[in-house]
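Notes for the structure review
If you want the building blocks of each chain, they are given just below.
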Amino acid sequence: MSGAVCPGSFDPVTSGHLYVFERAAARFDELVILVTVNPKKHGFFGIDERLELIRETTAHLPNVRVDSWQGLLVDYVLQQGLDTIVKGLRGAVDFEYEMPMAQMNRDLTGVETVFLLTDPRLAHVSSSLVKEVARLGGAVGDFLPPLVHEQLLAKLSDERRV
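Residues numbered from 1 in each chain as written. Predicted model: local features only at pLDDT ≥ 70, side-chain atom pairs only at ≥ 80, totals over all residues. Heavy atoms only, no water.

What counts, and what does not: UniProt positions are given in the numbering used here, feature names are shortened, and annotations may be inferred rather than shown by experiment.
With an unreviewed UniProt entry as reference, the protein chain is termed Phosphopantetheine adenylyltransferase, source organism Gordonia rubripertincta. The UniProt entry for the protein chain carries the following text under Catalytic activity (unreviewed entry): "(R)-4'-phosphopantetheine + ATP + H(+) = 3'-dephospho-CoA + diphosphate". As stated in UniProt under Subunit (unreviewed entry), the record for the protein chain gives "Homohexamer."

As for the pattern of salt bridges
To keep it simple, the criterion reads: Within this document, salt bridges are pairs made up of a side-chain nitrogen of Lys or Arg and a carboxyl oxygen of Asp or Glu, the two lying within 4 Å of each other. Each helix corresponds to a stretch of at least 4 residues labelled H or I by DSSP, and each strand to a stretch of at least 2 residues labelled E; elements are numbered beginning at the N terminus. Each residue is assigned to one of three classes by its accessible area relative to the maximum for its type, calculated with a 1.4 Å probe on protein chains only: buried under 20%, partly exposed between the two thresholds, exposed over 50%.
In the structure shown here, the tally under the stated rule is nine salt bridges. Residues glutamate 30 and arginine 65 are paired through a salt bridge, measuring 2.9 Å at the closest nitrogen-oxygen approach. Within this pair, whereas glutamate 30 is found in strand 2 (residues 30–36), its partner arginine 65 is found in strand 3 (residues 64–69), the two being separated by 35 residues in sequence. Look at arginine 65 and you get partly exposed, because its relative accessible area is 28%. Residues lysine 155 and glutamate 49 are paired through a salt bridge, measuring 3.2 Å at the closest nitrogen-oxygen approach. On the criterion of sequence distance, the pair formed by lysine 155 in helix 6 (residues 146–161) and glutamate 49 in helix 2 (residues 47–57) is long-range, its members being 106 residues apart. Since its relative accessible area comes to 22%, lysine 155 is described here as partly exposed. Overall, glutamate 49 belongs to the partly exposed group, its relative accessible area being 34%. Connected through shared salt-bridge partners, Asp11, Arg50 and Lys131 make up one network.

Quick word on the UniProt feature "site: Transition state stabilizer" (unreviewed entry) in the protein chain
Let me state the cut-off plainly: For this analysis, residues touch if any pair of their heavy atoms sits within 4.5 Å. By the criterion applied in these results, polar contacts are pairs of N or O atoms within 3.5 Å in which, for protein atoms, one can donate a hydrogen and the other can accept it, and in which residues neighboring in sequence qualify only through two side-chain atoms.
Look at the UniProt record and you will see "site: Transition state stabilizer" (unreviewed entry) annotated at His17. With respect to the secondary-structure elements, histidine 17 resides in helix 1 (residues 15–25). The class of histidine 17 is partly exposed, set by a relative accessible area of 22%. Beyond its immediate chain neighbours, meaning those up to four positions away, histidine 17 contacts Phe10, Pro12 and Ser127. Of the polar contacts made by the side chain of histidine 17, one reaches the backbone nitrogen of threonine 14; its length is 2.9 Å.

Regarding the sheet that holds strand 4 (residues 84–89)
Inclusion rule: Any two strands between which DSSP finds at least two bridges are classified as paired. Note on geometry: axes are lines fitted to C-alpha atoms, helical ones only across the stretch in contact, with angles between N-to-C directions running from 0 to 180 degrees.
Judged by pairing direction, the sheet is parallel, and its five strands sit side by side in the order 3-2-1-4-5 without closing on themselves. In this open sheet, the two strands that pair with only one neighbour each are strand 3 and strand 5 (112–117). On average, adjacent strands in this sheet sit at an angle of 30° to one another, irrespective of strand direction. Bridge count between strand 4 and strand 5: six bridges; the pairing is parallel. Note that in strand 5 the partner of isoleucine 85 across the bridge is threonine 113. Across the face of the sheet, helix 1 comes into contact with strand 1 (3–8), strand 2, strand 3, strand 4 and strand 5 while running at roughly 125° to strand 5.

What follows is the structure, given as structure tokens:
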């Protein structure tokens, strides 16, 4: 059985992420979407909120499991008996950033990294940019799964009331 992990902060999960999840789920027996936790960062959505949003937006993928982890990614991969890390790439800048980590992970543990390109129509989309545009009143619905868009707008509405 082949298993892979697709790590990220997913704050929030975008349609570009979902595109990569669907492609990865079609290629592995099991795909774990892993929300990586950085204790130094306070996300827009809490960890539990992100986990739930990902679970709901990937409910149509029966071989997907959602989890969170704080620590070295390859420790999680090995602990879970997985053998591959899947990273989505939007372009060359992402590749330049991800390549050294992929090589280090392979050198440390033998765990391979597979890169999947996102949908070209979504290559400019990042969670940070979506949040920034939404905060300024821009329309971001085309870049997010419907439930995520709804939750983002609700959270921004709550922020404005405070």
